[in-house]
Each structure stands twice: as C-alpha cells, then as structure tokens.
Amino acid sequence: MSNVNVRVQFQKWMSHQKKSNGEPYKKNTVTAYVNALKNSSAKLNLPNIPTTDLFEITSLEEFTKIHNHIMAAPNFREVDLSAGNKAYSNGMILYARFLKEREEPSIWIFQGNPKYYDVVGAVDDLDQVTWAVNQYTKQIKEGDEAYIWLSGTGGGIIAAGRVLNNPETREALDDPYRRSNQLNNEPYLAVDIKIEKKLSEDVVERTLLLEDERTKNLEILTYPGATNFKVKKEENKVIKEIINGTYENIPVAVLSGDEKKEEKRFWIYAPGLDSEHWEEFYKNGIMGTRREEIGDLKLYTTKSAIKDKMKEIYGEEFTYRNAGHAAWQFANEMKVGDVIFVKKGLSKIIGRGIVSSDYFYDVSRKEYNHVRKVNWTHKGEWEHEGQAVAKMLTDITPYTEYYKKLERNFYDVLNDSDPSFEEEEIRYSDYTETDFLSEVYINKEKYHTLKNLLMRKKNLILLGAPGVGKTYAAERLAYSMMSKKDKSRLQVVQFHQSYSYEDFIMGYRPSENGFSIVKGPFYEFCKKAEPDDRPYFFIIDEINRGNLSKIFGELLMLIENDKRGKELRLLYEDEQFSVPENVFIIGMMNTADRSLAMIDYALRRRFAFFEFEPAFESLGFKEYQNEVGNKKFDSLIQTVIAMNIEIADDTALGSGFRIGHSYFSSLTEIDEHWLKEVVEYELIPLITEYWFDEPSQISLWSGKLRGAIQ
C-alpha cells in the first residue's frame, strides 16, 4: 500500500479519535501531526533509518524500532519543539496506535437484502457463505470478525463469524439462494465467511441498536446503502453482550441540536397538466414545477417576494396566492424523507415516492426547472375516493385520516422486506430531568412527585389557575419520561362541550358512499402504541370541558391502571379492544373556569391530581427575571404577587383564580410597549371578569397594575 493511502487513512482515523479530555482533535491539529510524521524525521539527519517519511512504515514492529532510533537522536527535542505543540512526538504515539489497530482483527457487518438474496436460508443451511465486498476493500482481511445483517423491517444481525480470506475476485456462479439476476451476475470482489453462531431465531434487531447510546452510530445505521460496514470495538462489545445475554441498555444520550430529522410530511402532486410529465419524472427519479421565468427560488427570501416577481412577469391582475404558496413550499418547506402521492386529474392516484434531495434550479432543463430528486416507490393506478384537490402541490399532512387512507393503497408493498420502502428512523433530541427543571418552574422534589404519580396511576390531571403553564409542563413531562423529544409518541387533543365518543374513539361519519366508520384519535393512538414497549403520552387539554363519561364510554374502565391490557368489546365494531400499559394520559384542568361542572366522580378516582401554582418565587423564574433585567417588569411582578394574595383570600374566587407566571414568559424582548400590552389587554380584562360585581376592586388593581409600569 502506498504511503499516500496510509496517510489518508491515518487522517481519517485521527478525525474519529478523542483526546484525554474527551474532545475530538481539531482539523488543524490533525494536519500538524500528519505534516510532522511526513517531514520532521528528515531534520534529524539520522543515517540508520530507511525513510524519513514515516507513512512508508506500515508495520508496527518496524515502526517501533525506528521510533526508538528517533527518540535517541541528539536533536530530537529541538525538532519536536519546532513542529509545534509536540506534534512530532504526539503524532508518533498516535501513529503507533493506528498501526496496532490496523494489524489487529477488525470487525465488519456484511449486509444482505432478502429481496435479492435468501439471507436467512443461507445462514440456516450453510456453515460458510461468500459475500460481496464493495467498500473497505483494502482493509478487510483474513481473520477479521464478521456479522451477517438482514436488511428490511425487523432486520438486524442474524449470524456471527470470521473472514476466511482477503477480498478476491470471484466469478459469478449459480447460487440457489440468489433471488434476483441483478445480484452478482458478473465477476465481483468477495470474501468467504465462516459462520460460528446462527441467530435467525434471536436476531439482534436494528431498533435495539438504535436505542443504545453506544451503538446508535453504527455505520450500517447511519449510512445503510452498501454491502459491508466497519464496527468499532466499543460497538462490538455491546453486540457481543446482546448475543451472550449479558446486555444492559444504556439509553441514547444528548443529541446535538434539535431533532436530527424533522417529522415527514405528506404531499399530493400533479406532474404537469393531466400528469403529462409523469413518465419522464418517474424514469429520471425527479419531480418538478413550472414558472421557469422567475429563476432560482432560493433567491427569494419570502413568499411575498415570489408573488411580487410573478406579478411583474405575468401581470398584475392576479394575486398569485396559490402559485406563490406552492413555489415557496416546494423550495423551502418540503424536506428529504417527505412522501409524495402523484395524482392524475381529480380521481386517480398514479404513483408514490419519497423526496431524496433538497430543491435545486436545473438550468439544463427547458421547462420544469424547479426540481427535487425523488425515490419513486410505486407506479400504477389507484382510485381516489372523492375528488382530489385541484392545486398542483398541496401539503396534506394536517389531514391525518386522508393521507393514511392514501397510504393504505400501498400497504402490501410497503410491508415488503425491501429496505427502500422502509421508513427512516427519526432521531429526536434527548430530553432529561435537567432539561425539564430548566424549563418548567417547579423544584426537583415536585418533579419526582409528578413523575411518580403518573407512573403509578397512568392517568394524571394537572390543574391550576390560568397561565401556570399546565400544557407546557405536560408536554415536557412526557419528553422527560421518554428521555427524548419524540413527538411521534405524543398526541394532544382538546375537549369541548360537543366532543363525543364518536370523535374520541370511533363513530359513523358521512362519506362519498353514505356513512362509514372513522377511527378517532385515542383509538388510533392506542393501536400505534400497542406493538411498542416504549411509553406513549396522550394529552387532553381542557379535560373537564367535555362530558367525560360520554366521551370515554366503555373505556372508562379500561383506562384504570389495573385494567390495562384487559379487553372489552367496542360499541361500534365487533372488536375486542384494550388500552395498552404503555399509554399514559395527562389531562389539563383550568380551575378558574366558572362554566365547568365538577369532574365526574367515577373518572376522578381513575386519575391522580397535581396542582400547578404561580411560580413567581421559584428559582427558575427568579433567574429568568434577572435575565430580563427590567425594573418595570420587576415592579409588575411584585404587584401581581400581591394581587394573587388578594385573589386567594377572596371567598368568591380562591387560589384557583390566581394569575400564573406564563403571562410574563416571553420569547421576545420585554420593553415598555410589551408591558403595556400585557397590562391593558390581558391582565385588566381578566380581573374585570373576576371582580365583575366589585367595581372598586377592578379600579384599585387596574390602577396598581398601570402604576407598576409607569
């Protein structure tokens, strides 16, 4: 192997190493070490070393001998200092580690797609298999450890073994396990793998590896589009523990930034008038839109700017509201991973695909220059129930039942093992107890009480005065118990006086052909949670605004902690239904709403109740107040604290009517204009309602609130 290749490998290796303090090496440090290893030895003027470019030494034994000569050189310290920050001596230490790792057996994962190869059959029947190599061709070697990976839904490691030879060219031969002529039909590079442990009945599943901090970044999980992948030693240790039955999960820890991948959206799209460009777009793996004259859409910073340009080019007589909106969405709101349903006219669906690139303006095209790449997964013809929207591009994500109905057209194929149809795992940012306590103004002891109540009872109602942050706290409590901001396992609904069982569980709704049963959000949520072991959180805002016995119906019994998993026949369908044990229900109840009846006693005993109070005196709010640093803001807070005491002592009101801290938690700069708006348009109207029959109280406290910000 040339010294250039070794140098590049060392640079790549160093970029993945960490210093003793846990920090990665900076790019300029890596460059300094590489330059020192390549050039510094020449400055020693040693006659007894075969080369001054240390990257030409690829044997650890040989390098150790040369290293000893170098360290003994009389001017070594001087040369080392001249390299800067001991880049020469430190570089040699790391290079020795690099060579040692190269000579030790490496660990690899070899992937097989069951659509093209009977991976399970080959593993079960054979003691030795031949596997193609399409990356790391010069690093895979005889004696390396190997795992066989089954791709697709439910996939993972199904065998462990050892590489028997260095990669070598093999002739394409008839293979009884091959399921596609596209696979290895010409000479190809391959290795033989001796199977030492078969795991077909006890697969090390990809979902398990994704959820462990130590294996979440396995190469095959972060970039699955190849045949073979490297496994780090620490990752291999976890895999061995799983196989040997000594495994203990370490949940995924803090991810940098927000969600690494946004939740996907669903779009319905027409590829030209009467879908005239569908064949071309399908063949080329793209989707496109018109309005070529306005140029690259990324040049426009707002939706209005696009509309203004359209008016300039096409005439002032139209608003271009829909056209401008669609152009903006196509360039800015559509994301990689979004699902596209292709329509023809208003009554046909002719395809489905997954967006695979960001927007780009293709100047080489004569028309439809606004382009995204798409992995088209389906092509055919399906009836669209009712009329589809007429617009060229529409975001249908808000219409959950609608896009799910469209997706069901492709259900059978989507459950194929082909990983191209497998949904990409969404990686959410972690959320810890510390995050909760920094955002929700309660102390650690109360947080643990809150968490323990929900764990024990499974149903919890947060009650309190307006503005104490009940909804905000409910969502973050769920995140903290999930240990991540996983929005896919959380759903929020709001009850009202007209809300019914049919809205919540299921019921008949008008359709094109009369009436059909439509599943409600709680039914769908429970079905989604059922096959999963992780916790799911169903949040109900204004829970006491609805007729709870009417809304829950027979589920009133099933939501009890000790009745979880117990089945009961549903009202509208001959189906035995249960509420899974991993579904937690959090309700919010505003104690200052005079219009609400007392909560049903039958439901009351099924919930734990936790009251949120105004948190003006909490450490978190005090820190926030210091950050604001506004004397008028401080004065207003002190006035509200005093007013809350008066409200709590009022026999017609009570503590449930106190004003909460959320009124004063702002993401914008707090200035005199902001303070005046809060006082005049939020606080004074609220106390006017509170003391509607006591004008003197309204006058007194209105004056004090206004005076606080003067």
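Refer to the structure presented above.
Residues numbered from 1 in each chain as written. Predicted model: local features only at pLDDT ≥ 70, side-chain atom pairs only at ≥ 80, totals over all residues. Heavy atoms only, no water.

Okay, helix α24 (residues 631–649) next. One turn of the α-helix equals 3.6 residues, which is why residues spaced by three or four share an orientation. The end-to-end C-alpha separation of α24 is 28 Å, in line with the 27 Å expected for 19 residues at 1.5 Å each. For α24, the set of buried residues is Phe633, Leu636, Ile637, Thr639, Val640, Ile641, Met643, Asn644 and Ile647. Among the residues of α24, the N-terminal cap falls to Asn630, whose side-chain oxygen and the backbone nitrogen of Lys632 are separated by 2.9 Å. (Helix = DSSP H or I, 4+ residues; strand = E, 2+ residues; numbered from the N terminus. Expected span 1.5 Å × (residues − 1). Buried < 20%, exposed > 50% of the residue type's maximum accessible area, 1.4 Å probe, protein only. Polar contact = N/O pair within 3.5 Å; in protein donor to acceptor, adjacent residues only side chain to side chain.)

Quick look at the side chain of Gln625 now. Relative to the helices and strands, Gln625 is located in helix α23 (residues 619–628). Judged by its relative accessible area of 9%, Gln625 falls in the buried class. With residues up to four places along the chain from it excluded, the contact list for Gln625 reads Phe633, Asp634 and Ile637. (Contact = heavy atoms within 4.5 Å.)

Within this structure, the stated rule accounts for 43 aromatic pairs. An aromatic cluster of three or more residues is present, and its members are Tyr441, Phe616, Phe621, Tyr624, Phe633, Tyr663, Phe664 and Trp674. A cation over a ring is seen here: Lys379 above Tyr282, with NZ or CZ 5.5 Å from the ring centre. Over the face of the ring belonging to Tyr472 we find Arg476, whose NZ or CZ atom lies 3.7 Å from the ring centre. (Phe/Tyr/Trp six-rings, centres within 6.5 Å; stacked < 30°, edge-to-face > 60°. Lys NZ or Arg CZ within 6 Å of the ring centre and 35° of its normal.)

In any sheet, the strands associate via hydrogen bonds between backbone groups, in a parallel or an antiparallel arrangement. Ordered in space as β17-β20-β23-β16-β24, the five strands form an open sheet in which the pairing is parallel. Of all strands in the sheet, those bounded by a partner on one side alone are β17 (490–494) and β24 (608–612). The sheet shows a mean angle of 20 degrees between the axes of neighbouring strands, direction not considered. For β17 and strand β20 (residues 536–541), the ladder comprises five bridges, and the chain directions are parallel. Bridge pairing in β20 links Gln494 to Asp541. Its contacts with the sheet place helix α16 (residues 444–457) against β16 (459–464), β20, β23 (583–590) and β24, and it is angled at close to 155 degrees to β24. (Pairing = 2+ DSSP bridges. Axes fitted to C-alpha atoms, helices over the stretch in contact; angles between N-to-C directions.)

Let us now look at a negative patch on the surface. Residues Asp124, Asp125, Glu201 and Asp202 make up a contiguous surface patch of negative charge. As for its placement among the helices and strands, Asp125 is situated in helix α6 (residues 119–125). Given the relative accessible area of 52%, Asp125 is considered exposed. (Patch = residues over 30% accessible without salt bridge, like charges linked within 9 Å, V, L, I, M, F, W, Y side chains within 5 Å. Areas by Shrake-Rupley, 256 points an atom, 1.4 Å probe, with all protein chains shown as cover. Salt bridge = Lys/Arg side-chain N within 4 Å of Asp/Glu carboxyl O. Lys, Arg positive; Asp, Glu negative; His and termini not counted. Charge placed at Lys NZ, Arg CZ, Asp CG, Glu CD.)

What follows covers the pairing of strand β12 (residues 348–355). A large share of β12 lies buried, amounting to seven of its eight residues. Summarising the sheet, strand β11 (residues 339–344) and β12 pair through six bridges and their orientation is antiparallel. Among the inter-strand pairings, Lys344 is bridged to a residue of β12, identified as Lys348. Where β11 folds back on β12, the antiparallel hairpin that results is connected by three residues, among which Gly345 adopts a positive phi of roughly 65 degrees.

Tallied over the entire structure, the rule returns 33 salt bridges. The shortest N-O distance in the salt bridge between Arg489 and Asp486 comes to 2.8 Å. Across this residue pair, the class does not change: Arg489 and Asp486 are buried. Several salt bridges converge on common partners, so that one network encompasses Glu168, Arg170 and Asp192.

Structurally, the position occupied by Ser662 is in the loop between α24 and α25 (672–690). Considered as a pair, Ser662 and Thr400 are 262 residues apart in the sequence and their alpha carbons are 31 Å apart. Dropping the residues within four chain positions of it, Ser662 is found in contact with Gly467, Val468 and Gly469. From its side chain, Ser662 meets the backbone nitrogen of Gly469 in a polar contact 3.2 Å long.

A few words now on the nonpolar core. If you look at the biggest cluster of nonpolar residues, it comprises 33 residues, and the most contacted ones within it are Phe633, Leu636, Ile659, Phe664, Leu683 and Leu705. Per-element tally for this core: the top contributor is α25, with nine residues. Residues contacting Leu636, with those up to four places away along its chain left out, are Phe664, Leu675, Val679, Leu683, Leu705, Ala708 and Ile709. By size, the runner-up hydrophobic cluster in this structure holds 32 residues, among which are Ile505, Phe522, Tyr536 and Ile559. (Core = buried A, V, L, I, M, F, W, Y, C linked by side-chain atoms within 4.5 Å.)

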